[in-house]
Amino acid sequence: MEKWKYKSLEWIHKVREEDYYETKNLSPKEIVERTRKATDNVVKSLGLKIASHKEHIRTR
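Here goes a summary of the coordinates provided. (Residues numbered from 1 in each chain as written. Predicted model: local features only at pLDDT ≥ 70, side-chain atom pairs only at ≥ 80, totals over all residues. Heavy atoms only, no water.)

### Examining the side chain of T23
Now for step 1: With respect to the secondary-structure elements, T23 resides in helix 1 (residues 7–23).
Now for step 2: With a relative accessible area of 13%, T23 lands in the buried category.
Now for step 3: When neighbours within four sequence positions are excluded, T23 is seen to be in contact with I31 and R34. (Helix = DSSP H or I, 4+ residues; strand = E, 2+ residues; numbered from the N terminus. Buried < 20%, exposed > 50% of the residue type's maximum accessible area, 1.4 Å probe, protein only. Contact = heavy atoms within 4.5 Å.)

If you want it as structure tokens, here you go:
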């Protein structure tokens, strides 16, 4: 692996490389489905609620 100036860059590129090797043989549809499942699991584990795009969110 290439040497990076900052640890954060090293970590980011390591994660990207691992992700590539885990998904390189998957179709785009399979990658989306895998990502959707992982996202749903995180949302559930954190107890988050999904807000409808129709709901108005006040910023001020």
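On we go.
### Thoughts on the pattern of salt bridges
Now for step 1: Considering all chains together, one arrives at two salt bridges under this definition.
Now for step 2: Ionic pairing is found between E33 and R36, a salt bridge with its closest N-O pair at 3.5 Å. Here the residue E33 and the residue R36 both occupy positions in helix 2 (residues 28–46), the gap between them amounting to three residues, near one helical turn.
Now for step 3: Its relative accessible area of 36% is what places E33 among the partly exposed residues.
Now for step 4: Residue R36 is classed as partly exposed on the basis of its relative accessible area, which comes to 46%. (Salt bridge = Lys/Arg side-chain N within 4 Å of Asp/Glu carboxyl O.)

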